[in-house]
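Structural characterization, general
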Amino acid sequence: MKIAISRLTLAAALTSILGANAALAEVKVGLLLPASGPYAALGKEITDGFMLAIEESGLKDIKVINEDTEAKPPVGLAKARKLVLEDEVDVLSGVVSSGVLGAIRDFVDGSKVPLIVSNAGNDSATGESCSKYITRVSFSNGQVNRPMGQWMYDKGIRKVYALAPDYAAGHEQIDAFKKTFTAAGGQVIGEEYTPFGKTEDFGPFLTNAQAAKPDAVYVFYAGGEAIKFTKQYHSFGLDKSIPLFGSGFLTSSLYVKSEGEAANGVTTSLHYVPTLDTPENKAFTAAFQKKAGHAPSEYAVQGYDAGRLLTEALKAGASGREALAAALPKVKYTGPRGPLEIDPATNNVVQNVYIYKTVQKGEDFTQEILATVPSVKDEPNGCKM
Amino acid sequence: MGDPAFWILQTLNAVQFSLLLFLMSVGLTVIFGLLHFVNLAHGSLYMMGAFVGVSIATTTGSYWIAFALAPVVVMAIGAALYLGLIRRQRRSSPMNQVLITFGLVFIFLDVARIFWGDIALGLEVPAALAGSVHILSVDYPAYRLFTIGLGLIVLIALTYVLDGTGIGAMIRASVENETMAAAIGINAERLFFVIFCIGCALAGLAGVVAAPIFSAATGMGIAMLVPTLIVVVIGGLGSLKGAIAGAFTVGFVETFGAAIIPDFASVLVYVLLAAILIFRPSGLIPARG
C-alpha cells in the first residue's frame, strides 16, 4: 500500500515536472542594472518602467531575473556571463553605465544573446563596435545633443563655454554639440572637463567660465554632479547674466526637486519630456505614477520601451535568441516619447528630441517644450552589421 | 585672466575650500595625534552631518536649527562609536583600526541609502544668506562668505583653546608624551573621549555647512575623505597648525590647479603629497618636534 502511494506520488511528481517543462516555453529575461552604487536610483527607475511594460502586455510567461552590476564593468561582465551561461536567458536588457556596456559587448556579441540597451549612451555601441545582437532603445550621447547646436545659434547665441565631467560620455556629449554649433557658425570659446566623480566644488571652473564672458554655458552633468553643478551655478549668480543650456540629464525630473530654484529657467534637450501632451504619454504617466508613486523620468521611459520592444517582438511570434535578435530591431510603435523605431543600419533608436525649459511652479517643476526635432537618427559612424 | 576680479574670485574660492577642508581635517588629525587612532569613518560622519542637517531643515523649516543640531547628533553618533567600538580598539594595530573603520564606511553608506535614498538631496541656502555680496570689487555668494567666516571663527577658537588654556596644555602634553602626562595627573582617557566627540562634531558641522553647496549625497563622505587624509599627511599628523597649513596648501593647489591648468588639476595635489612624503615625511608642521 505504502509503495503504491509512493509510486502514485512519484507519478504525480513526474507529470508535474513534465508539465513544468512544457511551460518552459516561457521567456527568460536577464536584467542587468545597478542596484547599488552611484546609479542605483537609475536602476530602480528603469526596472519599474520595464516591469510596467511586461505587465501591460498581458504576457504571462515572462520570467525576469535581476542582477546587480554595481555599475562596475568587471561586475557587469561576470553577471552577464552568469545570466547567459547559468540561467540560460533568452534575452538581456539594461546597462546604465557605458563602461559596463563596453565590457560586455564582445561577450554578448560572441554568445549571440540579444541585448536591449536601456540607458548607456556611448556612441560606439551603435557605431564602430555595433552588433546585430545589440539593440539600443535609450539614446546615444550624440543624438540628444546634436539638435542643440543649430537651435541655439538660431536663438542668437554665438559664443559658448562648455563644461562636462572628464569621461567618455562627457566628451561625446559636448563634441556632438560643438560640431553642430560650430557648423552653424557659432564659436566654443572655452571648454573644460572636470574630474569625474571627484569634483565637489565647481567654484574654480565657474569662475573661469564667467571670466570668458560667453553668451551661454553648455554642459553635460548627470545625477549627483548635476545637482551640485546647477546649485553652484545659481549660487554664484551666473544664471542671471549667462543662461545655462545642456543635455536634459542636467535637470532630469528624477532629481530636479533636489536642485530647487537652481533648475528654474535652464534650457536642455532630451528624448523625453514628462509633460509631452500625447495620449500615449498621458496613459504611461498615469500608469507609472500608480506603480512607482512618482511621475516618470526619461530613465523610466527607457525601461518601459525596453520592455515594450521585447513584448512586441514576442507578440510578433519571435522565440529563441536568434529569432528575437532579428525581430527586436523591426519593432516600431508610437510610445510615451513619440514615434519610435530602430535604425536597421546601426540598431540605434530613431526618435524625436525635445528642446525644453524647466520651469518652477511653487514646489513643483514643469517642462515647457520650445521645439521638437523629429526623427533624429545617427550616422552609421563605421557600423557594419 | 588678466582681470583682477578673476584672481580675487579664485582666491575667495580657494580660501573657502581650504576652510572646509580645515573643519574636516582638524578633527581627524587631533584624534590621530592624541589617540593614535586612524578613523577612516571620519568622512562618513561628515556625510551624516549633511543628511541629518537636510532632514532637520526640512522637518523644522529652518536651516539654523539644522545648523545647531546636526553637529550635536553627529557628536552623539561619534560618542556611541567611541564607547562601543573605538575604545576597545585603541591599542590594536593600525591595520585593525583601518579595517574596522573602513568597514564602518560601508555600514554608514548603506544606512544613509536606507534612510535617505540614492538620489542626492538639496538643501536651500537660508534666506538671510541667499544672493551675493559685493566685496573686494567682486560679487561673491553670501553663503560661501559665511562658510569662510565660520571656518575662521573655528580656527581662531581652536588655536586659542590649544595655546592659551589649561585644557589646551593638557592636550598638548598628552600628544607629546602620553605616559608622562598621565603620571602628572592628566586623566587621559576622559580627555580622549572629549576630544573624539569634538572632532566628530566638527565633521558634522562641516557636513551641514557643506550641504547647501554640495548637496547631501551618499558618496560625499568617501569623496571628502581622500583630500582630508592628504591634508592631514601634508600638514603633519596630530598637529593643529599642521591641519591649518595642510588645508590651505591643498585648498589653494586644488583651486588654482583647476583654474589655471585644469587638465592636471586632479594630479597636482598627489604630486604635492608625493613631494612632501619624500622631502618632509613628517609633514609641514609635525606635532612632535
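Each value, and the rule that gives it
- Just so you know, the residues in each chain are numbered from 1, in the order the chain's sequence is written.
- Each chain takes a letter, starting from A, and each ligand takes a number, starting from 1, following the order in which they are written.
- A pLDDT threshold of at least 70 governs which residues receive local features in this predicted model, and a stricter bar of 80 or more applies before side-chain atom pairs are shown or counted, although totals over entire chains, interfaces and linings include all residues.
- Based on all heavy atoms of the structure, the side-chain values leave hydrogens and waters out of the count.
- Helix and strand labels come from DSSP, where a helix needs a run of H or I of at least four residues and a strand needs a run of E of at least two; each type is numbered from the N terminus.
- Each radius of gyration reported is based on C-alpha atoms, and the globular scaling rule is 2.2 Å times the count of residues to the power 0.38.
- Here the term buried applies to any residue with accessible area under 20% of the maximum for its type, exposed to any over 50%, and partly exposed to those in between, with areas from a 1.4 Å probe on protein chains only.
- Contacts are assigned to residue pairs with any non-hydrogen atoms lying within 4.5 Å of each other.
- Using a 1.4 Å probe, accessible areas were evaluated by the Shrake-Rupley method; residue-level cover was limited to the displayed protein chains.
- Charge counting treats Lys and Arg as positive and Asp and Glu as negative, with His and both chain ends excluded.
- Working definition for charges: the position is that of NZ of Lys, CZ of Arg, CG of Asp or CD of Glu.
- Both site types are read off a 1 Å grid over the protein atoms alone. A 1.4 Å probe that fits but cannot get out defines a cavity, while an open set with protein on both sides within 12 Å along at least five of seven lines defines a pocket; lining residues have an atom within 4 Å of a point.
- Grid points are joined across faces, edges and corners, and a volume is the space filled by probe spheres set on the points.
- Asp, Glu, Lys and Arg are counted as charged, while Ala, Val, Leu, Ile, Met, Phe, Trp, Tyr, Cys and Pro are counted as nonpolar; the rest, among them Gly, fall into the polar class.
- Criterion for a disulfide: a pair of cysteine sulfur atoms at a distance within 2.5 Å.
- Here the buried area means the combined drop in accessible surface, using a 1.4 Å probe, for two parts upon being joined, counting both sides.
- Salt bridge, as used here: a side-chain nitrogen of Lys or Arg that lies within 4 Å of a carboxyl oxygen of Asp or Glu.
- Strand pairing is assigned whenever DSSP detects at least two bridges linking the two strands.
- Where helices are involved, their axes are fitted lines through C-alpha atoms of the stretch in contact, as for all axes, and angles between N-to-C directions lie from 0 to 180°.
- The cut-offs work like this: below 35 degrees is roughly parallel, past 145 is roughly antiparallel, 65 to 115 is roughly perpendicular, and the gaps in between are oblique.
- For any helix crossing, the convention is left-handed if the near helix is rotated counterclockwise from the far helix by under a right angle, and right-handed if that rotation is clockwise.
- Nonpolar core, defined: a set of buried Ala, Val, Leu, Ile, Met, Phe, Trp, Tyr and Cys residues in which side-chain atoms within 4.5 Å join the residues together.

1. Some details on the overall build of chain B
- The number of helices and strands found in chain B is 11 helices and two strands.
- Tracing chain B from N to C terminus, the helices and strands come up as α-α-α-α-β-β-α-α-α-α-α-α-α.
- Relative to the 2.2 N^0.38 estimate, which gives 19 Å for 289 residues, the radius of gyration of chain B is 19 Å and therefore close to what a compact globule would have.
- Every one of the 289 residues in chain B was classed for burial, and the buried ones make up 52%.
- Of all intrachain contacts in chain B linking residues separated by at least 6 positions in sequence, the fraction that spans at least 24 positions is 79%.
- Here chain B displays about 11900 Å² of accessible surface, and carbon together with sulfur accounts for 73% of that area.
- Between the centroid of the 11 positive side chains of chain B and the centroid of its 11 negative side chains there is a distance of 16 Å.

2. Focus on the layout of surface pockets
- Quantified by volume, the second largest pocket comes out at close to 1100 Å³.
- Surrounding the second largest pocket, 39 residues form its lining, V256, K257, S258, E363 and F365 of chain A being those nearest its centre.
- Secondary-structure elements contributing two or more residues to the lining of the second largest pocket are α2 (40–57), α10 (256–259) and β14 (364–376) of chain A together with α2 (42–60) of chain B.
- Counted by class, the lining of the second largest pocket contains 17 nonpolar, 14 polar and eight charged residues.

3. Things to note about the state of the cysteines
- Using the criterion set out here, one finds one disulfide over all chains in the structure.
- Linked covalently through their sulfurs, C130 of chain A and C383 of chain A form a disulfide whose S-S length is 2.1 Å. Taking the sign of the S-S torsion, about 90° here, the bridge from C130 of chain A to C383 of chain A comes out right-handed. In this pair, C130 of chain A sits in the loop between β4 (115–117) and β5 (134–136) while C383 of chain A sits in the segment after β14, placing the two residues 253 residues apart along the sequence. C383 of chain A shares its class with C130 of chain A; the two are buried.
- Unpaired in this structure, C197 of chain B has its nearest cysteine sulfur neighbour in C200 of chain B, at a distance of 6.4 Å.

4. What about the interface of chain B and chain A?
- Taken residue by residue, the interface counts 31 residues in chain B and 31 residues in chain A.
- Both faces considered, chain B and chain A share a buried interface measuring about 2400 Å² in area, 57% of it formed by carbon and sulfur atoms.
- Between chain B and chain A we count two salt bridges in total.
- Among the salt bridges present, the one from R144 of chain B reaches D201 of chain A, with a minimum N-O distance of 3.0 Å.

5. A word on the sheet that holds strand β2 (residues 62–68) of chain A
All names here are of chain A.
- Taken together, the five strands give an open sheet; going across it, the order is β2-β1-β3-β4-β5, and neighbouring strands pair in parallel fashion. This sheet does not close on itself; its edge strands, each paired only once, are β2 and β5. Ignoring strand direction, the axes of neighbouring strands in this sheet form an average angle of 20°.
- In this sheet, strand β3 (residues 91–94) lies alongside strand β1 (residues 27–33) in parallel orientation, the contact comprising four bridges.

6. Section: the packing of helix α1 (residues 4–35) of chain B against helix α9 (residues 220–235) of chain B
All names here are of chain B.
- α9 packs onto α1 with a crossing angle of 70° between their chain directions and a minimal axis gap of 9 Å. Considering the angle they form, α1 stands roughly perpendicular to α9. Crossing geometry of α1 relative to α9 is assigned as right-handed. Contact residues: α1 offers L20, L21, M24, S25, L28 and T29, while α9 offers M224, P227, T228, L229, V231 and V232.
- The residue makeup of the contact of α1 with α9, split by class, is nine nonpolar, three polar and no charged.

7. With respect to the nonpolar core
- The biggest cluster of nonpolar side chains holds 173 residues, and the ones touching the most others in it are M152, F229, L309 and L310 of chain A together with F22 and Y46 of chain B.
- Per-element tally for this core: the top contributor is helix α8 (residues 188–214) of chain B, with 16 residues.
- The residues contacting L309 of chain A, other than those within four sequence positions of it, are I116, T135, V137, L328, V331, Y333, L340 and I342 of chain A.
- Grouped together as the second largest cluster of nonpolar side chains are 22 residues, A80, V100, A120 and Y133 of chain A included.

8. Side note on the pairing of strand β11 (residues 332–335) of chain A
All names here are of chain A.
- Taking every second residue as pointing to the same face, the buried face of β11 carries Y333 and G335, while none of K332 and T334 on the other face is buried.
- When β11 meets strand β12 (residues 338–342), the two strands line up antiparallel, connected through four bridges. Each residue of the ladder has a partner; that of Y333, found in β12, is L340.
- Where β11 folds back onto β12 in an antiparallel hairpin, the turn is made up of two residues.

Any functional reading would require information that these geometric values do not contain.
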